[in-house]
Amino acid sequence: ISPIALPGSLVADTADASPDNSLLDAARQNMDLIKDRVTREVESSGERRAEYKRLEDKVREDVAERRAEKEKAKQEMIENERIAAEEKAERERLAAEEEAEQERIAAEEKAERESIAAEEKAEQERIAAEEKAEQERLAAEKEAEQERLAAEEKAEQERIVAEEKAEQER
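Reading the values: rules and limits
- Residues numbered from 1 in each chain as written.
- Predicted model: local features only at pLDDT ≥ 70, side-chain atom pairs only at ≥ 80, totals over all residues.
- Heavy atoms only, no water.
- Helix = DSSP H or I, 4+ residues; strand = E, 2+ residues; numbered from the N terminus.
- Buried < 20%, exposed > 50% of the residue type's maximum accessible area, 1.4 Å probe, protein only.
- Areas by Shrake-Rupley, 256 points an atom, 1.4 Å probe, with all protein chains shown as cover.
- Salt bridge = Lys/Arg side-chain N within 4 Å of Asp/Glu carboxyl O.
- Expected span 1.5 Å × (residues − 1).

Visitor: Please give an account of the overall build of the protein that cites residues and values.
Guide: Regarding its fold elements, the protein presents one helix and zero strands. Looking at the protein as a whole, 3% of its 170 residues qualify as buried. Element-wise, carbon and sulfur atoms account for 54% of the exposed surface of the protein, whose accessible area totals about 14,900 Å².

Structure (structure tokens):
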């Protein structure tokens, strides 16, 4: 009877067996070798499974970590966009306030210039009216003086004429 045909490393070398050993001992020896090999295979298979499990866990952790980092980056981006929008709104608000203040100042300055111009015009009109009134008063005084002088001269002439007539009558 030949030994059980097994892969090379599992077959006991029956040639090395002593002539006392029977075929049964060789078969037992083969069975022991097979058991050892199967035990080693099972142990290494368990180790491989444990290693695969560790690797899977590591991959899951890495994926979860990357997802967390992506989510964190996304949240940071959203926060940065919110901050940027707030800063832009604040800049626009400040610019609008500055523009409104400049417009208010310009309007006040324009109103002040118009008020001063109106006061100056009113003053010029008052001065012109006073000068015109003064000229009219002077013209009226001059005319009155001319009329008085004319009346005096006429009265003088009438007096002279009356004296000459009285002289002639006498």
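Visitor: Help me get a handle on the pattern of salt bridges, residues and values and all.
Guide: Scanning the entire structure with this criterion turns up 20 salt bridges. For Lys53, the salt bridge identified is with Asp57, shortest N-O distance 3.2 Å. A residue pair is termed a helical-turn pair when its members lie 3 or 4 positions apart in one helix, as Lys53 and Asp57 do in helix H1 (residues 23-169) at four residues. Judged by its relative accessible area of 27%, Asp57 falls in the partly exposed class. Through salt bridges with shared partners, one network takes in Lys53, Glu56, Asp57 and Arg60.

Visitor: If you had to explain H1 to someone new, which residues and values would you point to?
Guide: The end-to-end C-alpha distance of H1 is 212 Å, a good match for the 219 Å that 147 residues give at a rise of 1.5 Å each. Among all positions in H1, only Ala26, Asn30 and Ser45 are buried.

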